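Descriptive structure summary
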Amino acid sequence: MSKYFSEKYNDLIPYVPGEQPKDMKYVKLNTNESPFPPSKKAQEYASDAAKLLALYPDPDCTILREKMAALYNLDKDEIVIVNGSDEILNFAFMAYCDDKTPAAFADITYGFYPVFAKINKVPYVEIPLNDNYEINVDDYIGINKTIFIANPNAPTGIALSLDNIEKIIASNPNNIVVIDEAYVDFGAQSAVNLIRKYDNLLVTQTFSKSRSMAGARLGMGFANKKLIQDINTIRYSTNPYNVNRMTMAAGIGTIEDNDYMVNNCKTIIQNREYTINKLNELGFVTLPSKTNFVFTKNEKFSGEYLYKKLKENGVLVRYFNKARLDKYLRITIGSKQDMDVLIEKLIKIMEESK
Ligand code: PMP
């Protein structure tokens, strides 16, 4: 750190993204990316948009919002488009948390929440998951804090039912509840249809996972118009051109090609269930996943050991060096071939360590 770096960031520990190694070609199952390319239309539209890169993009993302409004049966003013859902999560911390209104989220959840809290100087409480790594709904009833819930949760993969999500929203009418649905397309129930019923609900989603666009950085928020105005106040005060032309065009192509996404999700869900069964046969215990990843452990090995051995064998997965998580591996669900390589390498590693 330089001597010029502001003291206000003394306690800031940046988020650590998953490894993106360049040393060799891995079967990459560590950052919950899609094994499928973006839709053909997304690729075509993005390359057409490249010709217009001399011009600023539409700061309102009007066409993309109109297409999404039609798909989700909403008004376009109930939607905001952002540079990856990380951006809108940060905006929500900026807009809805302060000394008087602390943030609350699970002790085991998306690792960026505490970082957003710290950079925005927001006090926060971490609410422990129960022994089964689930959210205890009663802990979130009427708590007078801005609530952030990843549903399904990461890195556990476990989803909360819509009834339970609704109970939490309804019991906190004076506070915003943010439901982070980064993985919702892989089998969980979305809260988007509740935005007209509850004016304190903000739902965030991303094009990074189910829509195969992690590299483009595109996310969105759904909420009643007033909340969308709040988010736009923050957005226009930081970076109005937050979504570049190529990304916006690719997003439009993806929405027009929605069936492609739906079919890819079906394949991922099949591959997930296949992988869970194979892991089960090898003595792994896997938490029930509604995402494009599984959180799994084998009592005979530490998470770190398996992570290192898999990496040596060309398979990259994610391991968290943290209490209650360190026995586990988080493994992204890729193609069937990817998952077969994973299982084959696990069998080899387990044989060798006998
Ligand atoms: N929420 C959760 C729970 C995530 O795991 C991720 C991906 N790292 C994000 C949000 C952010 O995704 P993106 O910024 O790519 O939309």
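Computed from a predicted structure; not experimentally measured. Residue numbers here run from 1 along each chain, matching the order of that chain's written sequence. Note on the predicted model: pLDDT of at least 70 is required for a residue's local features to be given, and 80 or more for side-chain atom pairs to be given and counted; whole-chain, interface and lining totals, by contrast, use all residues. To get the side-chain values, all heavy atoms of the structure are used, and hydrogens and water are removed first.

Details of the overall build of the protein
Per the secondary structure count, the protein includes ten helices and twelve strands. In terms of overall dimensions, the protein is globule-like: its C-alpha atoms have a radius of gyration of 20 Å, near the 20 Å expected for 354 residues. The principal-axis extents of the C-alpha atoms in the protein amount to approximately 60 × 50 × 50 Å. Of all 354 residues assigned to the protein, the portion counted as buried reaches 52%. Here the analysis covers contacts within the protein between residues at least 6 apart in sequence; of these, 74% occur between residues at least 24 apart. Here the Shrake-Rupley method, with its probe set to 1.4 Å, supplies the accessible areas, and only the displayed protein chains count as covering residues. As displayed, the protein has an accessible area near 16500 Å², and 51% of this comes from carbon and sulfur atoms. Averaging the locations of the 43 positively and 44 negatively charged side chains of the protein gives two centres separated by 3 Å. A run of DSSP states H or I qualifies as a helix once it reaches four residues; a run of E qualifies as a strand once it reaches two. Both are numbered from the N-terminal end. Here the globule rule reads 2.2 Å times residues to the power 0.38, and the radius of gyration is calculated from C-alpha atoms. Only protein chains enter the area calculation, which uses a 1.4 Å probe; residues under 20% of their type maximum are buried, those over 50% are exposed, and those in between are partly exposed. We call two residues in contact when some of their heavy atoms are within 4.5 Å. Here the positive residues are Lys and Arg and the negative ones are Asp and Glu; neither His nor the chain ends is included. Charge coordinates come from a single atom per side chain, which is NZ of Lys, CZ of Arg, CG of Asp or CD of Glu.

Topic: the sheet that holds strand β9 (residues 285–286)
Spatially, three strands are ordered β9-β10-β12 in an open sheet, and the strand pairing comes out antiparallel. Edge positions in the open sheet fall to β9 and β12 (328–332), since each of these has one partner strand only. Note: strand β10 (residues 293–297) against β12, five bridges, orientation antiparallel. Opposite V294, over in β12, you have I331 as the bridge partner. To get an axis, a line is fitted to the C-alpha atoms, and for a helix only the part in contact is used. The angle between two axes follows their N-to-C directions and goes from 0 to 180 degrees. Running at roughly 10 degrees to β10, helix α8 (residues 258–281) makes contact with β9 and β10 of the sheet. Any two strands with at least two DSSP-identified bridges between them are counted as paired.

Some words on the packing of aromatic side chains
Stacked, tilted and edge-to-face are the three classes assigned to paired rings of Phe, Tyr and Trp, where Trp is represented by its six-membered ring and a pair needs centres within 6.5 Å; plane angles under 30 degrees give stacked, over 60 edge-to-face, the rest tilted. In total, this model carries 20 aromatic pairs according to the counting rule given. Between the aromatic rings of F93 and F116, the centroid separation amounts to 5.9 Å while the plane-to-plane angle is 40 degrees, which identifies the pairing as tilted. With F93 in helix α3 (residues 85–96) and F116 in helix α4 (residues 112–119), this residue pair connects regions lying 23 residues apart in the sequence. Residue classification places F93 among the buried positions, given a relative accessible area of 0%.

Details of helix α5 (residues 162–170)
All buried positions along α5 are accounted for by I165, E166, I168 and I169. Looking straight down α5, one finds that the buried residues subtend no more than 160 degrees of arc, so they occupy a single side. Elements in contact with the buried residues of α5: β5 (146–150), β6 (177–180) and β7 (201–206). Each direction from the helix axis to a C-beta atom contributes to the arc, which is the arc of those directions.

Here we look at the pairing of β10
Among the five residues that make up β10, five are buried, leaving the element largely enclosed by the rest of the structure. The sheet contact formed by β9 and β10 spans two bridges and is antiparallel. Residue V285 lies in a different strand from β10, and its bridge partner there is K297. If you look at the hairpin formed by β9 and β10, you'll find six residues sitting between the two strands.

Observations concerning the site of the ligand
As a structural note, the neighbourhood of the ligand is formed by G84, S85, D86, L89, Y110, D180, A182, Y183, T206, S208, K209 and R217. At 2.7 Å, a side-chain N or O of D180 approaches a nitrogen atom of the ligand. Under this definition, polar contacts are N or O atom pairs within 3.5 Å; protein pairs additionally need one hydrogen-donor-capable and one acceptor-capable atom, and for neighbouring residues in sequence, both atoms have to be side-chain atoms. Between S208 and the ligand, the recorded distance is 2.6 Å, taken from a side-chain N or O atom to an oxygen atom. Coverage of the ligand by the protein chains reaches 91% of its 400 Å² of free accessible surface. The rule for a residue being near a molecule or strand is that one of its heavy atoms must lie within 4 Å of it.

A look at the packing of α3 against helix α6 (residues 225–236)
Across the interface, α3 lies against α6 with an axial gap of 9 Å and an inter-helix angle of 100 degrees. For the element pair α3 / α6, the angle class is roughly perpendicular. Contacts between α3 and α6 involve I88, F91, A92, M94, A95 and Y96 on the former and, on the latter, L227, D230, I231, I234 and R235. For this scheme, ten residues count as nonpolar: Ala, Val, Leu, Ile, Met, Phe, Trp, Tyr, Cys and Pro. Four count as charged, namely Asp, Glu, Lys and Arg, and the remainder, Gly too, count as polar. Looking at the contact of α3 with α6 residue by residue, the classes come out as nine nonpolar, no polar and two charged. Orientation categories follow fixed angle ranges, with anything under 35 degrees roughly parallel, anything over 145 roughly antiparallel, 65 to 115 roughly perpendicular, and all other angles oblique.

Some thoughts on the nonpolar core
Within this scheme, the nonpolar core is defined by two criteria: the residues are buried Ala, Val, Leu, Ile, Met, Phe, Trp, Tyr or Cys, and they are joined through side-chain atoms within 4.5 Å. L64, M68, I81, Y140, L201 and F222 are the most contacted members of the largest nonpolar core, which has 51 residues in total. One finds A154, L310, L329 and M339 within the second-largest nonpolar core, a separate group that totals 31 residues.

Some remarks on the sheet that holds strand β2 (residues 79–82)
Pairing within the open sheet is mixed, and its seven strands lie in the order β2-β8-β7-β6-β5-β3-β4. Edge positions in the open sheet fall to β2 and β4 (124–127), since each of these has one partner strand only. Within this sheet the neighbouring strands show an average axis-to-axis angle of 20 degrees, counted without direction. Sheet analysis places β7 next to strand β8 (residues 219–222), joined by four bridges and oriented antiparallel. Note that in β8 the partner of T204 across the bridge is G221. Taken strand by strand, α3 contacts β2, β3 (103–106), β5, β6, β7 and β8, and its axis lies near 160 degrees from that of β7. The sheet strands contacting α6 are β2, β7 and β8, and the helix crosses β2 at an angle near 25 degrees.

A few points about the pattern of salt bridges
Any two side chains of opposite charge can pair, so long as their charged atoms come close to each other. Take a side-chain nitrogen of Lys or Arg and a carboxyl oxygen of Asp or Glu: if they are within 4 Å of each other, that pair is a salt bridge. Summed over the entire model, instances satisfying the criterion amount to 20 salt bridges. In this structure, the salt-bridge partner of K308 is E304, at a minimum N-O distance of 3.3 Å. Pair noted here: K308 and E304 are both in helix α9 (residues 303–312), with a separation of four residues, about one helical turn. With its nearest N and O atoms 3.4 Å apart, the salt bridge here joins K354 to E351. Through salt bridges with shared partners, a single ionic network connects K41, K67 and E256.

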